[in-house]
Each structure stands twice: as C-alpha cells, then as structure tokens.
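Listed below are the residues making up each chain.
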Amino acid sequence: MTDNKDTYRDLCALHSEIPLFLQSWWMDAACGNEWNVLISRTKSGDVGGVLVFHYKKRFGFFAVLPAVLTPYSGTWLFYPDNVKLEERYSFENYVMNDLIGQLAKLDAGLYVQNFHYSQTNWQPFYWCGYKQTSRYTFRIEDISNLDYVYSQMSHRKRQKPLAKAEDGYAVSFDLPADVFYDMYALELKGRGSKIMYSKEYFLKLHKAAADRGQGQIISLYHGDTIHAALWILWDRMSAYNMVIVIPPEFRSSGASTRIVWEALRFLQGKSESYDFEGSMIKGVALKNQSFGAVQIPYSSIIKINNPILKLWHKIKNS
C-alpha cells in the first residue's frame, strides 16, 4: 500500500475547505499510523479527489473502519470551476471509479465508512457492489444570526428551559480535559454503560484541536457545581457538537439547552453552521430537532469481502 499521507498533508494545507475530520492533522491524532489516503488524478495531472480512510489489521484480514470520535471520512472531490451538471456527474464517476479501483487493490475484508453529508453521489460505489444506508445528522445551517436561531427553536425551548437556565448560571472555558473525561465516564457509569475510548486518546484529540484553535470545552456552573459541559470542534464551514455531559440530577434543569446556546455564542465568527452529530436514536433526534436544526442525510457505505464476515453478517441480520 503506497503511503500518500505526506502528499495529502500538502493538499490539506492548500484546501482549508476539506472538512475537519478528513484533515490530515485530525487523522494523525485519531489514527496514529493506521490511516492512509487514495488520490485520484485527472488526465491533466490535477488532483480530482481523495478517499481518506482509517484501517485495522485484525484476525488476518485488512479492514477499513471509522475511527473513534471521527464521524466522517471517505471521499472528497475537487471540482473543476464552472462545469455543467452533466460534466459534474462525469467528473464524479471518473474520480470515484478510480478511487474504487485503488480501494479494491487493498483487498479489504471489510469496508465501512460514513461519508460527509456533502458527498451526495455514492452511485459509483453501488455499481461496484457496495451497500448504502442513509443516516441522519441535524444542523443549524446558519449560526450568524442568533436572534433567528432562537426564533426557530421549539416553543418549549424558548419559553421554558432556556429562559429558566439564564438565572444564576456562569459559563467557563477553563475546565481541564481530563476532568471533563472523568465526568463523562462517571455519567455513563451511572447509566450502566462505559466510555469506549481511553482518557489518553481523548486528551490527544482535544489537544490536537485546541492547539489549532479548533476545539473547546465549555462548562456551565451554578455556584461551585457543574451542571453541564460540552466538547465542541469546528472548522470554517461547520462546528460539531461532539460530547455533552449532563449529570443526572440536572437533566431537567435546562442546562443542556443553555450549554448549546453558549456554544453558539462562542462560535460567532468562527464557523458558519452547527452540526449536532445527530443520532438515529429517537429521543436524541427529537431533542436535536427542537433546536430548529435541519435533518441532513449522509451515507454509510459498507462492503464485506471476507467470507467468514459475510456469513456472520448474514446470520446477524437474518
């Protein structure tokens, strides 16, 4: 497998529009050495597109899998200027077919990626035997006018929790990342669950983002007690609601609404939209919708080549 990471780092330096989770610095932090990128060039030699991926070698086979705390990966295309719609489709087909051909040479026993929601054409993958599932995130598409954002929230959020939360709360941007992690682990433990990544891993990701001015932990206090904390990331186009911590005794206090509102205030001038990193879980989806967020589909792409995995997948879904 050709290592294209250095070439891609140079490409990222030239293209700030590449989403945060596809950026080389993020992949370095999230994946260590277990990532790479396929690069497709046009007939003129220009880069037409890339496929960024995290991989694992497990039980004798190679697998392309989403990295932890990395919602999106996969393709990103660099479109020529002023192309007609038919030329755009032809360009997409050419680049994606090239990337799919390179992907096939990796001989991955399992391929799973969640494409960024802006990558709406997965049809060339379908033609090559890949399967797709539509999943949903929720986005406030323009956070520049907070009066308008507020007007689009549900009546309940506008008239009850948000107003109630304004009384007696203080916002801090100084909560240490290790304390935040411990809070989150404790909250999950109280729900009978556990955190799925190490403190070392989280600290590495947070530091990588914070050092670039693209990550922040926001906490909400009442007196000396933390009622909510939120880890956000952002690039120029979008901010991401990554991890929110609400101690169980404060879940109905309005603190969860207020902490998001404070994040929106903080992000003024830093990013254009706010992605809730939505969930297919009904309760989470409904809560995200109540902020006036728009439901946005994105594609989860999968292909199973390993015969043992094929059998397991068939039994699991039968």
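Just so you know, these numbers come straight off a predicted model, no measurement behind them.

1. Some points on the packing of aromatic side chains
Then, number 1: For the structure shown, the criterion picks out 24 aromatic pairs.
Then, number 2: A ring pair is formed by Phe21 and Trp26, whose centres lie 5.2 Å apart and whose planes are at 85 degrees; its orientation type is edge-to-face.
Then, number 3: The class for Phe21 is buried, based on a relative accessible area of 1%.
Then, number 4: Each ring, one from Tyr181 and one from Phe202, has its centre 6.1 Å from the other, and the planes form 35 degrees; the classification is tilted. Taken together, the residues Tyr181 in helix α8 (residues 177-190) and Phe202 in helix α9 (residues 199-211) connect sequence positions 21 residues apart.

2. Describing the environment of Arg236
Then, number 1: When you line up the elements, Arg236 lands in the loop between β9 (225-234) and β10 (238-245).
Then, number 2: Along the chain, Arg236 and Val95 lie 141 residues apart, while their C-alpha atoms are 26 Å from each other.
Then, number 3: In this view, Arg236 contacts Ser16, Glu17, Lys270, Ser271 and Glu272; residues no more than four positions away in its chain are not counted.

3. A few points about the nonpolar core
In globular proteins that are soluble, nonpolar side chains generally tend to be buried together.
Then, number 1: Ranked by internal contacts, the top residues of the largest apolar core, which has 50 residues, are Tyr8, Val50 and Trp231.
Then, number 2: Each residue touching Tyr8, except ones within four places of it in the same chain, is listed here: Ile18, Leu22, Gln23, Ser24, Trp35, Val37, Val50 and Val52.
Then, number 3: By size, the runner-up hydrophobic cluster in this structure holds 29 residues, among which are Ile140, Phe250, Trp261 and Ala263.

4. Comments concerning the environment of Pro124
Then, number 1: Assignment of secondary structure puts Pro124 in helix α4 (residues 123-127).
Then, number 2: Classification of Pro124 as buried rests on a relative accessible area of 0%.
Then, number 3: Along the backbone, Pro124 and Asn97 are 27 residues apart, and their C-alpha atoms lie at a distance of 6.4 Å.
Then, number 4: When sequence neighbours within four positions are dropped, the list of residues in contact with Pro124 reads Asn93, Met96, Asn97 and Ile100.

5. Some thoughts on the pattern of salt bridges
Pairing between side chains of opposite charge can happen when the charged atoms of each approach one another.
Then, number 1: Here the structure, examined in full by the defined rule, presents eleven salt bridges.
Then, number 2: Here Glu34 ties to Lys56 by a salt bridge, and the two come within 2.8 Å at their closest N and O atoms. Taken together, the positions of Glu34 in the loop between α2 (24-31) and β1 (35-41) and Lys56 in strand β2 (residues 47-58) put the pair 22 residues apart, joining distant regions of the chain.
Then, number 3: By relative accessible area, Lys56 is classed as partly exposed at 22%.
Then, number 4: One salt bridge in this structure joins Arg139 and Glu141, with 3.2 Å as the shortest N-O distance.
Then, number 5: The exposure class assigned to Arg139 is buried, which follows from its relative accessible area of 12%.
Then, number 6: A network of salt bridges, in which partner residues are shared, links Asp6, Arg9 and Asp28.

6. Regarding the packing of α8 against α9
Then, number 1: Between α8 and α9, whose axes approach to 10 Å, the crossing angle comes to 130 degrees. Of the possible angle classes, the one that applies to α8 and α9 is oblique. Relative to α9, α8 is oriented so that their crossing is right-handed. From α8, Ala177, Asp178, Phe180, Tyr181 and Asp182 reach across to α9, where they touch Lys199, Phe202, Leu203 and His206.
Then, number 2: A per-class count over the contact of α8 with α9 returns five nonpolar, one polar and three charged.

Scoring rules and cut-offs
- Residues numbered from 1 in each chain as written.
- Predicted model: local features only at pLDDT ≥ 70, side-chain atom pairs only at ≥ 80, totals over all residues.
- Heavy atoms only, no water.
- Phe/Tyr/Trp six-rings, centres within 6.5 Å; stacked < 30°, edge-to-face > 60°.
- Buried < 20%, exposed > 50% of the residue type's maximum accessible area, 1.4 Å probe, protein only.
- Helix = DSSP H or I, 4+ residues; strand = E, 2+ residues; numbered from the N terminus.
- Contact = heavy atoms within 4.5 Å.
- Core = buried A, V, L, I, M, F, W, Y, C linked by side-chain atoms within 4.5 Å.
- Salt bridge = Lys/Arg side-chain N within 4 Å of Asp/Glu carboxyl O.
- Axes fitted to C-alpha atoms, helices over the stretch in contact; angles between N-to-C directions.
- Parallel < 35°, antiparallel > 145°, perpendicular 65-115°, else oblique.
- Left-handed = near helix turned anticlockwise from the far one by under 90°.
- Nonpolar A, V, L, I, M, F, W, Y, C, P; charged D, E, K, R; others polar.

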